[in-house]
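What follows is the residue order along each chain.
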Amino acid sequence: MIKGNNKKKKKRLMLIMSKINFVLLIMSCVSSESISDDLVPYMNGGHLDQMRNHRYVRDCLKTQYGELTYESIKPIEIDSTFITNSIAYETDHLQFGHRTVIKNPLKMLSVLEPLKSGGCKTNSLAYVHESAKQQNCRIAINAGFFNPFETNKDYGKCYGNIISNGNLVQDNGGIQNANFGIRSDGTLVIGYLPEKEVIDKKNPFLQLLSGVGWILRNGLSYLNESEKAECRESETTGTLDNFFHVKSARTMIGYDAKGHVHIVQFDGKTRKSGINLYEAVEYLKKIGLINAINFDGGGSATYVQDSIIVNYPSNECAMNGAPSFQQFNICPKPVSTIICVHDEQIAESYDASTSMSHCCNRNYVLVVVLSSVIAVCLLAMVFISNSSSVYNRRVKDLFGGQKDALKSLLESNEYSTDGDSEKE
């Protein structure tokens, strides 16, 4: 009994501390300036300058995989639960983070645009906890890459393939970066996808998002192959190589042999603390993942549980009026797309028959409206038909009655005329 009470007290204390941490984070963002911890894979944010096409990627990968440029698995042992816990992993020093395991990703995991549907079209950025409100996310993390440079005309632009709840937001135009996706039959996919796979209609993607770095393939490190496949021609050993090796906060997603999806995030600050992708791979192997990709990290790394930020983002925000020794505090960073873990949902957007065009929600509404209009028209036709029959019958009865009355009248007049003739 005492142990049970201690557990409850500990849980309550952790919740209170998380809420206090969240309030401090938000307050610290009321500032005049900030020092953004940007971790970018390509020089000058040149994400779209990386022009490796699918044929190049297919030809340069290990021959042991043939022409297969992605891996897939269908989940087993599905249930409607997910598990979230804090993690610690020792490299040259102890690293802290969070992990969530989702056992029914088809109905419990979604890719969401920043703030609202259509956010990528307007180059919107939003805090993870704000975007999480779209689908009542229980767990939400930053995910896709975006243009982080405020002076650039494309500031905030979403990068990569994006399909959200069956809606094709954008495709990458053939540029190859690692992808994570969920097809309409529940199949999980990780790897490099030709455009025809991205827009496939036989077994379409309901969720799809690009990262940078296919870091684990079939239980083995795939970093060297991934760097070769995803680098720009002018940066074979440049920025992308540094991106893979530098210590920083990291966000990753992958799946194990049962097809359960794992979301893993480590805290850190670029070039000062955190974890590099080679260390990350060893941790992912240790917990049983077989395929995984890397998402946006650095100052973008944000882990939200039930609307509360539970990790320690690495952005620094200047606080107006604070003493010099407290001039900067940590704060979350507005980001692009997010991964959302929500309670199990059975929605039209998860029905393969309505997601074939990647426009599930709009098609569903259109079908409902058209069906309603057709039903009303049919009812009106039946009513008019019945009314017409009744009207015709009444008219017929009316004229039939008049005919009988006229006949009777004529007969009566005829009889009367005959009687008068006999009297004369």
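Residues numbered from 1 in each chain as written. Predicted model: local features only at pLDDT ≥ 70, side-chain atom pairs only at ≥ 80, totals over all residues. Heavy atoms only, no water.

K.L.:
Can you lay out the pattern of salt bridges for me, pointing to particular residues and giving the numbers?
P.N.:
Going through the model one piece at a time under the given rule, you end up with eleven salt bridges. One salt bridge connects R138 with D343, and the closest N-O pair in it is separated by 3.1 Å. Of this pair, R138 sits in the loop between α4 (128–131) and β6 (139–142) while D343 sits in the loop between β21 (338–341) and α9 (360–423), and the two are 205 residues apart along the sequence. Note on R138: relative accessible area 29%, which makes it partly exposed. (Salt bridge = Lys/Arg side-chain N within 4 Å of Asp/Glu carboxyl O. Helix = DSSP H or I, 4+ residues; strand = E, 2+ residues; numbered from the N terminus. Buried < 20%, exposed > 50% of the residue type's maximum accessible area, 1.4 Å probe, protein only.)

K.L.:
Provide a residue-level description of the sheet that holds strand β3 (residues 82–90), including the pertinent values.
P.N.:
The strands making up a sheet associate through hydrogen bonds between their backbones, and the pairing can be parallel or antiparallel. If you walk across this open sheet you meet the seven strands as β3-β4-β15-β14-β16-β12-β13, and the pairing is antiparallel. Edge positions in the open sheet fall to β3 and β13 (220–221), since each of these has one partner strand only. Contacting β3, β4 (94–102), β12 (214–217), β13, β14 (250–256), β15 (261–266) and β16 (289–295), helix α8 (residues 277–286) runs over the sheet at an angle of about 30° to β12. (Pairing = 2+ DSSP bridges. Contact = heavy atoms within 4.5 Å. Axes fitted to C-alpha atoms, helices over the stretch in contact; angles between N-to-C directions.)

K.L.:
Describe empty space enclosed by the protein, listing the residues and the values that go with them.
P.N.:
What the rule picks out here adds up to two cavities of 30 Å³ or more. The volume enclosed by the second largest cavity comes to roughly 40 Å³. Lining of the second largest cavity is provided by N161, D171, N172, G173, G174, I175, Q176, L193, E195 and V198. For the lining of the second largest cavity, the per-class residue count stands at three nonpolar, five polar and two charged. (1 Å grid on protein atoms, 1.4 Å probe; cavity = no way out; pocket = protein on both sides within 12 Å on 5 of 7 lines; lining within 4 Å. Points joined across faces, edges and corners; volume = space filled by probe spheres on them. Nonpolar A, V, L, I, M, F, W, Y, C, P; charged D, E, K, R; others polar.)

K.L.:
Can you explain the nonpolar core? Please cite residues and give values.
P.N.:
In summary, soluble globular proteins display a tendency toward joint burial of nonpolar side chains. Core analysis: the largest hydrophobic core is formed by 36 residues, its most contacted members being L109, F180, I253, I263, I293, F295 and I339. Within the second largest apolar cluster, 24 residues are counted, among which are L240, F243, L289 and A292. (Core = buried A, V, L, I, M, F, W, Y, C linked by side-chain atoms within 4.5 Å.)

K.L.:
Give a description of a nonpolar patch on the surface that names residues and reports values.
P.N.:
Nonpolar side chains collect at one region of the surface, where L370, I374, L378 and M381 lie side by side and expose about 410 Å² of accessible area between them. Relative to the helices and strands, M381 resides in helix α9. Given a relative accessible area of 54%, M381 falls into the exposed group. (Patch = residues over 30% accessible without salt bridge, like charges linked within 9 Å, V, L, I, M, F, W, Y side chains within 5 Å. Areas by Shrake-Rupley, 256 points an atom, 1.4 Å probe, with all protein chains shown as cover.)

K.L.:
How would you summarise the pairing of β6 if you had to cite specific residues and measurements?
P.N.:
Successive side chains on a regular strand alternate, one facing one side of the sheet and the next facing the other. Burial along β6 is two-sided: I139 and I141 and A140 and N142, pointing in opposite directions, are all buried. Bridge count between β6 and strand β17 (residues 303–305): three bridges; the pairing is antiparallel. Its bridge partner lying in β17, I139 is registered against Q305. By the bridge criterion, four bridges tie β6 to β21 in an arrangement that is antiparallel. Residue pairing for β21: I141 is matched across the bridge by I339.

Scope: geometric values only; no functional claims are made or implied.
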